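Structural characterization, general
One-letter residues, chain by chain:
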Amino acid sequence: QVQLVESGGGLVQAGGSLRLSCAGSGRTFSRYAMAWFRQAPGKEREFAASISWIVGNTLYADSMKGRFTISRDNGKNTVYLQMNSLTPEDTAVYYCAAGELFGMSRSYYNFWGQGTQVTVSS
């Protein structure tokens with residue numbers, strides 16, 4: 001059982017940056033793969049980035065590659081998503097997820113946070 005709480009969302013102008021945080025609980029946090037997904041209004045939830053429990057193995061959606069960076073601090077039970085060069089198309093609710101498998105599929109992740117809103121103005 002893992003509980004996840006996202007924070008760091010907000011309103012930024014295009015070209016700006018945000019750093020999202022996901023605080024987790026559970027003594028086995030460091031053994032889970034972690035991921036960020038996002039869901040824009042009227043669209044399906046889509047994969048953004050993931051990181052395996054083996055720190056250094058990361059995966060990004062093509063539209064976010066080079067702009068977003070996922071990282072984790074197992075000592076703090078926290079995963080981060082640094083988002084740079086934001087565009088209005090990045091506006092979405094961002095969800096943190098934890099699972100036993102590393103990859104892009106939602107089915108890999110068993111635990112989800114409540115989401116944090118990111119709004120990018122044009």
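This text goes with the structure placed above it.
Residue positions are given per chain, counting from 1 as you read along its sequence in written order. The model is predicted, so local features are restricted to residues of pLDDT at least 70 and side-chain atom pairs to those at 80 or more, both for listing and for counting; the totals for chains, interfaces and linings are taken over all residues. Computation of side-chain values: all heavy atoms of the structure, hydrogens and water removed.

Remarks on the packing of aromatic side chains
How we decide: Each Phe, Tyr or Trp ring, with Trp reduced to its six-membered ring, pairs with another whose centre is within 6.5 Å; inter-plane angles below 30 degrees give stacked pairs, above 60 give edge-to-face pairs, and intermediate values give tilted ones. By definition, any uninterrupted DSSP run of H or I lasting at least four residues is a helix, any uninterrupted run of E lasting at least two residues is a strand, and each is numbered from the N terminus. Remark: exposure states derive from per-residue accessible area (1.4 Å probe, protein chains only) relative to the maximum for the residue type, with buried under 20%, exposed over 50%, and partly exposed in between. Only when the NZ of Lys or the CZ of Arg is both within 6 Å of the ring centre and within 35 degrees of the ring normal is a charge said to sit over the ring.
Per the stated rule, a full pass over the model turns up four aromatic pairs. Judged by centre distance (5.6 Å) and plane angle (70°), the rings of F37 and Y109 are edge-to-face. With F37 in strand β4 (residues 33-39) and Y109 in strand β10 (residues 109-112), this residue pair connects regions lying 72 residues apart in the sequence. Here F37 and Y109 have matching classes, each one buried. With a centroid separation of 5.0 Å and an interplanar angle of 55°, the aromatic rings of F37 and W112 are classed as tilted. Note that F37 is positioned in strand β4 and W112 in strand β10, a separation of 75 residues in sequence. Of the aromatic side chains, those joined through ring pairs into one cluster are F37, F47, Y109 and W112. One Lys or Arg, R19, reaches over the ring of Y80 and ends 4.0 Å from the middle of that ring. Over the aromatic face of Y95 sits the side chain of R45, whose NZ or CZ is 3.8 Å from the ring centroid.

Topic: the sheet that holds strand β7 (residues 68-73)
Applied cut-off: Between any two strands, at least two bridges found by DSSP are needed for them to pair. Where helices are involved, their axes are fitted lines through C-alpha atoms of the stretch in contact, as for all axes, and angles between N-to-C directions lie from 0 to 180°.
Taken in spatial order, the four strands line up as β1-β3-β8-β7 in an open sheet, and their pairing is antiparallel. Edge strands, defined here as strands with exactly one partner in the open sheet, are β1 (4-7) and β7. Going from strand to strand, the sheet's axes swing by 15° on average, the running direction of each strand aside. Bridge analysis of β7 against strand β8 (residues 78-83) gives six bridges, and the strand direction is antiparallel. Bridge pairing in β8 links S71 to Y80.

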